[in-house]
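Chain by chain, the residues:
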Amino acid sequence: MEFLKNLFTAPLHRFIHKDFHEVVSRMTLIDKFLFLIVHSMDKLGILWHRLPVFVGLFYLGLRRHLHQEYNLFNVGKTPAGVRFNPADYPYRTANGEYNDPFNEGAGSEGTFFGRNILPADQKHKLLKPDPLVVATKFLSRRSFKDTGKQFNMIAATWIQFMIHDWIDHLEDTNQVELVAPREVADKCPLSSFKFYKTKEVPTGFYEIKEGHLNVRTPWWDGSGIYGSNTERLHKLRTFKDGKLKIAKDGLLLHDQNGVAVTGDVRNTWAGLSTLQALFVKEHNAVCDALKREDPDLGDEELYRHARLVTSAVIAKVHTIDWTVELLKTDTLLAGMRINWYGILGKKFKDTFGHVGGAILGGFVGMKKPENHGVPYSLTEEFTSVYRMHALLPDTLNLRDIDAQPGPNKSPPSAEKVPMENLVGHKGEKALSAIGFEKRIVSMGHQACGALELWNYPLWLRDLIPQNTDGTDRPDHVDLPALEVYRDRERKAARYNEFRRALLLIPISKWEDLTEDKEAIEVLNEVYGDDVEELDLQVGLMAEKKIKGFAISETAFVIFLLMASRRLEADRFFTSSFNEETYTKKGLEWVNTTESLKDVLHRHYPEITEKWMNSTSAFSVWDSPPNSHNPIPLYLRVPQ
């Protein structure tokens, strides 16, 4: 076999990009062949997103397989020979334990972030170039650029709702101070700012010796509304009929300090609280439906079943609704529906159940979870590509919902509220005055920001951060500068090495990254001609985007891997996605909910009927509904 490998590999080295020779040498013979297909298309400029849908899906399937094999690294020790009986835990635990039958702690609160790329030590380059220079010259907003009708403020808020479900780093007690260099000091709102380091923890493992801990549960378990531990959860439950606490006006309750009573309260704003309130209502509605179906169910049973159902609804909305709008192409519409339903589709799955493996029947309902030999976690690189604060605008355009709808169900503007007035405790008070209906309609009708250079909100450069209990910290922070520093501190690779490690052809000059002459000029000014020094965040914002994509292709490759992993590694989306675990009524609830629009219509039918013209609640609501396309999805060719 070794002889055959060498015989096969030697002539290919002339064709394969030199940066991939080492990784290809470690691949199996089959993976070498699959890599050659993917790499040939990349190198020859055959763009997968311009090919017929079924060909594009084939390319993405091959690429995802390679990343599952070569871009999943465990951080920390893995228990050996330990197994529990899943029947003893037919529910999601408060802290995420007892999901993986072979690793009871996988995905629980306080476990390590994993890696998609081996750590890139930047200890001596934390300030090279200075994060405040990078934030000022590349990220700081000049004028607001939006996404047109594709993505609205609900979509921007939704991803923060998911982040509050998935990831947050444990911080150290030691602080770092960044001081604005003279060359940009007059353009920085803060002359200096202090923040806590990310806590570095020994892993006890030889390959990756230090890592960082996730204080949220990385499973798709709704911890944004349930919390990530028992103590928090107990504060949220009514302990009657399985329900969670919520105010009579449909908004979140608040404690004596003005902090919202919900699962995650750190660094929140009025939009996030709106979605948290909506899904508390969803949980409670599931409880009512289950109770009607089986009056003998007690409080604990109702809570457990309703949490499973609500978490699955959130995961489904994200998979086949939010992501489809984010990556608005027929290829990704097909791909995301395959993740949930399989190639055979929804009608077949609803009629015959899950048939075949992940490709035919989708990840949801597979016979057993699949983690590809690496314990489940979310990763440092996943955190890096989900830095999307440029989606936020400078003001929220509140609408008059007492007026009659205008063209395409558009409500007239009432007033513009600065975003800084909607953040933190001020935001909670503002939301109470605005109300749920006005808030959600206003967000639905407003486009969000574009993920591009020079579009990071200025008001986030002087931000009051919060502790995990929702209390304010005394030191303001410059968020874009902090995010540049965080990537370096957490050893996320810089842009070119990031691409290289993901089997994407690296850039060799700035013109490979962007056609924007001004951007190239500033890149030369800050980084010289050394493309290897380019910070990840700058590269992701500057990169030329695929038509229909709101994010860069580099970020998308992490999505491709991890979006699938969130479903396929979770027992409650695979082997335990059944009537026995969810109840018959609960499973029916999940299977008949296809979008956020369905959830909104369930609780506020007057909003969707009167104010929503669009097909998806994540696109701007006055946009036209999707037109019927008679061509079968898999046979379509992008225009």
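Residues numbered from 1 in each chain as written. Predicted model: local features only at pLDDT ≥ 70, side-chain atom pairs only at ≥ 80, totals over all residues. Heavy atoms only, no water.

(A) Structural view of the packing of helix α3 (residues 29–43) against helix α4 (residues 53–70). Contact geometry for α3 and α4: axes closest at 10 Å, N-to-C directions at 125 degrees. Judged on the interaxial angle alone, α4 and α3 are oblique. For the pair α3 and α4, the sense of crossing is left-handed. Of the residues in α4, those in contact with Asp31, Leu34, Phe35, Ile37, Val38, Met41 and Asp42 of α3 are Phe58, Tyr59, Leu62, Arg63, His65, Leu66, Glu69 and Tyr70. For the contact of α3 with α4, a count of residues per class yields 10 nonpolar, one polar and four charged. (Axes fitted to C-alpha atoms, helices over the stretch in contact; angles between N-to-C directions. Helix = DSSP H or I, 4+ residues; strand = E, 2+ residues; numbered from the N terminus. Parallel < 35°, antiparallel > 145°, perpendicular 65-115°, else oblique. Left-handed = near helix turned anticlockwise from the far one by under 90°. Contact = heavy atoms within 4.5 Å. Nonpolar A, V, L, I, M, F, W, Y, C, P; charged D, E, K, R; others polar.)

(B) Examining the packing of aromatic side chains more closely. Evaluation of the coordinates by the stated rule reveals 31 aromatic pairs. Plain terms: the ring middles of Phe20 and Phe35 are 5.9 Å apart, the flat faces sit at 75 degrees to each other, and that makes the pair edge-to-face. Remark: Phe35 occurs in helix α3 and Phe20 occurs in the loop between α1 (2–9) and α2 (21–25); sequence separation between them is 15 residues. With a centroid separation of 5.2 Å and an interplanar angle of 85 degrees, the aromatic rings of Phe84 and Tyr98 are classed as edge-to-face. (Phe/Tyr/Trp six-rings, centres within 6.5 Å; stacked < 30°, edge-to-face > 60°.)

(C) Structural detail: the nonpolar core. Of all hydrophobic cores here, the largest spans 187 residues; its most connected members are Phe138, Trp158, Trp166, Phe279, Phe556, Leu596 and Trp621. Broken down by element, the residue count for this core peaks at 14 residues, all from helix α10 (residues 299–326). Ignoring sequence-local partners within four residues, the contact set of Phe138 consists of Leu453, Trp454, Val522, Leu523, Val526, Tyr527 and Val538. Listed in part, the five residues of the second largest apolar core include Val75, Phe112, Ile208 and Leu213. (Core = buried A, V, L, I, M, F, W, Y, C linked by side-chain atoms within 4.5 Å. Buried < 20%, exposed > 50% of the residue type's maximum accessible area, 1.4 Å probe, protein only.)

(D) Here's a closer look at the packing of α4 against helix α11 (residues 330–341). Orientation of α4 relative to α11, taken along the N-to-C sense of each, is 55 degrees, at an axis distance of 9 Å. The angle between α4 and α11 falls in the class oblique. Seen along the crossing, α4 lies across α11 with a hand that is right-handed. Mapping the contact onto sequence places Val53, Gly56, Leu57, Leu60 and Arg64 in α4 and Asp330, Thr331, Leu332, Ala334, Gly335, Ile338 and Asn339 in α11. Of the residues in the contact of α4 with α11, the class split is six nonpolar, four polar and two charged.

(E) Representation of the pattern of salt bridges within the structure. In the structure shown here, the tally under the stated rule is 46 salt bridges. Across the salt bridge formed by Arg488 and Asp535, the nearest N and O atoms sit 2.8 Å from each other. With a gap of 47 residues between them, Arg488 in helix α17 (residues 479–489) and Asp535 in the loop between α19 (517–527) and α20 (536–542) connect regions that are remote in the sequence. In this structure, Glu497 engages Arg500 in a salt bridge whose closest nitrogen and oxygen atoms are separated by 2.7 Å. Taken together, the residues Glu497 and Arg500, both in helix α18 (residues 495–501) and three residues apart, mark about one turn of the helix. Judged by its relative accessible area of 35%, Glu497 falls in the partly exposed class. Salt bridges here are not isolated pairs; linked through shared partners, they connect Asp168, Glu171, Arg216, Asp264, Arg266, Arg473, Arg486 and Glu489. (Salt bridge = Lys/Arg side-chain N within 4 Å of Asp/Glu carboxyl O.)

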